[in-house]
Amino acid sequence: MRFLGNMEAKIDAKGRVFLPAAFRKLLLSGQQEGLVMRKDVYQPCLVLYPDSVWNEQMDTLRSRLNRWDRTQQQVYRQFVSEVEAVSLDTNGRLLIPKRLLKQADIRQSVRFVGMGDTIEIWACEQTEQPFMDQDTFGQAIGELMKTENTTR
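Everything numeric here is computed off the predicted structure, so don't read it as measured data. (Residues numbered from 1 in each chain as written. Predicted model: local features only at pLDDT ≥ 70, side-chain atom pairs only at ≥ 80, totals over all residues. Heavy atoms only, no water.)

1. A word on helix H5 (residues 134-145)
Its 12 residues place the ends of H5 16 Å apart at the C-alpha level, agreeing with the 16 Å of an ideal helix rising 1.5 Å per residue. Across the 12 residues that make up H5, only a small minority, 0, are buried. (Helix = DSSP H or I, 4+ residues; strand = E, 2+ residues; numbered from the N terminus. Expected span 1.5 Å × (residues − 1). Buried < 20%, exposed > 50% of the residue type's maximum accessible area, 1.4 Å probe, protein only.)

Encoded structure:
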């Protein structure tokens, strides 16, 4: 399952938003039964995880933590306690809990950004955009893709 692209949508007064059709189709084809949503750890956006991806993340995180280390237990507790189980209604809408709307400063419209195995949800009104300017992006991806072997 690969979520790709970026699309905008309006939020209704109840906090519901239509998940873009391309993303809904991928979820249904992957037979995902549920979704998990949480505020991103680093950015002012929400992250939507299909259950299978969330469970894999949880297994990875748990395998790296020592249950007998207080700080590591606190990290785990905070990470898992700040989530909401969400689902699509019969119309393909997603209810974003008020707490999460507030945390991501989402008011009227959102931008869905496909991130491969997850979907980010950004406030369209955000002044801090989820993207770099084109020159910075070009330099960053150039650095990232450099290889030891320069003959390629």
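2. Some points on the layout of surface pockets
By volume, the largest pocket amounts to about 270 Å³. For the largest pocket, the lining is made up of 14 residues, of which Asp40, Val47, Tyr49, Gln57 and Thr118 are closest to its centre. Elements that contribute at least two residues to the lining of the largest pocket include exactly strand E4 (46-50) and helix H2 (51-64). Taken together, the residues of the lining of the largest pocket break down into 7 nonpolar, 3 polar and 4 charged. (1 Å grid on protein atoms, 1.4 Å probe; cavity = no way out; pocket = protein on both sides within 12 Å on 5 of 7 lines; lining within 4 Å. Points joined across faces, edges and corners; volume = space filled by probe spheres on them. Nonpolar A, V, L, I, M, F, W, Y, C, P; charged D, E, K, R; others polar.)

3. Re the side chain of Asp40
Among the secondary structure elements, Asp40 is positioned in the loop between strand E3 (35-39) and E4. Within the structure, the side chain of Asp40 is placed 2.8 Å from the backbone nitrogen of Tyr42, a separation counted as a polar contact. Here the side chain of Asp40 touches Gln43 through a polar contact of 2.7 Å, landing on its backbone nitrogen. Sequence-distant contacts of Asp40, defined by excluding residues within four places in its chain, comprise Cys45, Leu46 and Val47. (Polar contact = N/O pair within 3.5 Å; in protein donor to acceptor, adjacent residues only side chain to side chain. Contact = heavy atoms within 4.5 Å.)

4. Regarding the packing of aromatic side chains
Counted by the stated rule, this structure contains 3 aromatic pairs. Measuring from centroid to centroid gives 5.5 Å for Phe3 and Phe23, while their planes differ by 85°, and the two rings are edge-to-face. Of the two residues, Phe3 sits in the segment before strand E1 (6-10) while Phe23 sits in helix H1 (residues 21-29), which places them 20 residues apart along the sequence. Classification of Phe23 by relative accessible area gives buried; the value is 1%. Ring centres of Trp54 and Phe79 lie 5.4 Å apart, and the angle between their planes is 15°; this geometry places the pair in the stacked category. You can see Trp54 sitting in helix H2 and its partner Phe79 sitting in helix H3 (residues 70-81), a full 25 residues away along the chain. On the accessibility criterion, Trp54 (9% relative accessible area) is buried. (Phe/Tyr/Trp six-rings, centres within 6.5 Å; stacked < 30°, edge-to-face > 60°.)

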